[in-house]
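# Observations on chain architecture
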Amino acid sequence: MNQEFQIYSLGEQSLTIELGKKIDLNIYQKVTTLQGLIKSLALQGIIEMVPSYCTLTIHYNPFTVKNYLPISPESISERFSNYLQKIIANWNPEILENTTSNLIEIPVCYDPKYGLDLEEMAMYHQTSVSKIIELHTTTIYTVFMVGFLPGFPYLGILPESLTTPRKKQPRLKMPAGAVAIGGNQTGIYPIESPGGWNIVGQTPLKIFDTERTNPFLLQAGNQVKFVPISVEEFENYKP
């Protein structure tokens with residue numbers, strides 16, 4: 001593998017493989033292809049793999065993984081780390097071009113009633129509200145990870161013309177479904193909560209719903225496109 005990587009132990013049951021140190025689509029694609037490689041090995045004892053921007057965290061059962069690790073005086077975590085290090089060192093990731101095969105369209109109402117920070121963002125970027133909406137709806141985003149709140153998707157990467165600092169004074173209540181921008185990412189608040197991102201609109205979709213078999217609408221690796229809808233469509237929306 002041409003790219004440097006590091007493996008960090010997170011105790012005796014987890015470790016993290018770091019492939020970079022910044023939000024970058026190519027690095028993220030390497031993370032997901034590495035996840036696929038390790039999954040294809042069908043290693044016994046791996047409980048879960050969690051991809052993030054530039055890392056892959058592996059949770060495992062040490063009493064199971066030790067059965068296929070070389071015997072040595074080192075701890076199981078050190079032996080497992082060395083085992084993975086050899087696999088990754090000989091791995092040549094093949095970065096695939098983005099496809100829209102898993103594209104999910106999210107309806108969003110950008111009316112001032114819901115896009116509470118559009119005017120402020122337009123002033124910050126010295127442009128119009130309509131241009132902000134156009135940029136936000138013509139970009140296809142990748143879900144880098146889900147976290148912070150149940151089902152909250154971190155979507156990127158925003159074009160520079162949309163990148164906006166978080167608000168200096170966070171709101172105490174961000175409405176459920178609020179579509180917002182923070183830095184070079186955009187996201188959707190699944191439930192009402194405090195938050196410091198800039199609200200550009202709101203979706204009528206339930207991003208997190210405990211009544212669904214899979215409560216999470218989005219997962220890491222999905223691609224997302226925002227589709228503008230009117231206030232009437234928003235208020236009468238039926239999934």
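Anything mentioned here points back to the structure above.
Being a predicted model, the structure only gives us computed values, none of them experimental.

## So, helix H1 (residues 25–40)
Structural remark: α-helix, 3.6 residues per turn; residues separated by three or four positions point the same way. A rise of 1.5 Å per residue sets the reference length of H1, with its 16 residues, at 22 Å; its end C-alpha atoms lie 22 Å apart and thus fit the reference within 8%. Among all positions of H1, only Ile-27, Tyr-28, Gln-29, Lys-30, Val-31, Leu-34 and Ile-38 are buried. Lining the buried residues of H1 we find strand E2 (14–18), strand E3 (46–51), strand E4 (55–60), helix H3 (76–89) and strand E6 (141–146). One side-chain oxygen of the residue at the start of H1 lies 2.9 Å from the amide nitrogen of Asn-26, identifying that residue as Asp-24. Where H1 ends, the next residue or the one after it, Ala-42, has phi of about 50 degrees, a positive value.

## Some points on unusual backbone geometry
In this model, Gly-156 is joined to Ile-157 through a cis peptide bond whose omega is 0 degrees. The residue Ile-157 is located in the loop between strand E7 (153–156) and strand E8 (171–174) in this model. Residue Ala-42 is not a glycine yet carries a positive backbone phi of 50 degrees. Here Ala-42 lies in the loop between H1 and E3. For Ala-42, a relative accessible area of 52% corresponds to the exposed category.

## Here we look at the sheet that holds strand E1 (residues 6–9)
Strand pairing in a sheet is mediated by backbone hydrogen bonds. Such pairs are either parallel or antiparallel. The strand order across the open sheet formed by four strands is E1-E2-E4-E3, and the pairing between neighbours is antiparallel. The open sheet terminates on both sides in strands that have one partner only, identified here as E1 and E3. Ignoring which end each strand starts from, the neighbouring axes of this sheet average 20 degrees apart. Relative to E4, E3 runs antiparallel, the two sharing five bridges. Among the inter-strand pairings, Ile-46 is bridged to a residue of E4, identified as Tyr-60.

Reading the values: rules and limits
Residues numbered from 1 in each chain as written. Predicted model: local features only at pLDDT ≥ 70, side-chain atom pairs only at ≥ 80, totals over all residues. Heavy atoms only, no water. Helix = DSSP H or I, 4+ residues; strand = E, 2+ residues; numbered from the N terminus. Expected span 1.5 Å × (residues − 1). Buried < 20%, exposed > 50% of the residue type's maximum accessible area, 1.4 Å probe, protein only. Contact = heavy atoms within 4.5 Å. Polar contact = N/O pair within 3.5 Å; in protein donor to acceptor, adjacent residues only side chain to side chain. Pairing = 2+ DSSP bridges. Axes fitted to C-alpha atoms, helices over the stretch in contact; angles between N-to-C directions.

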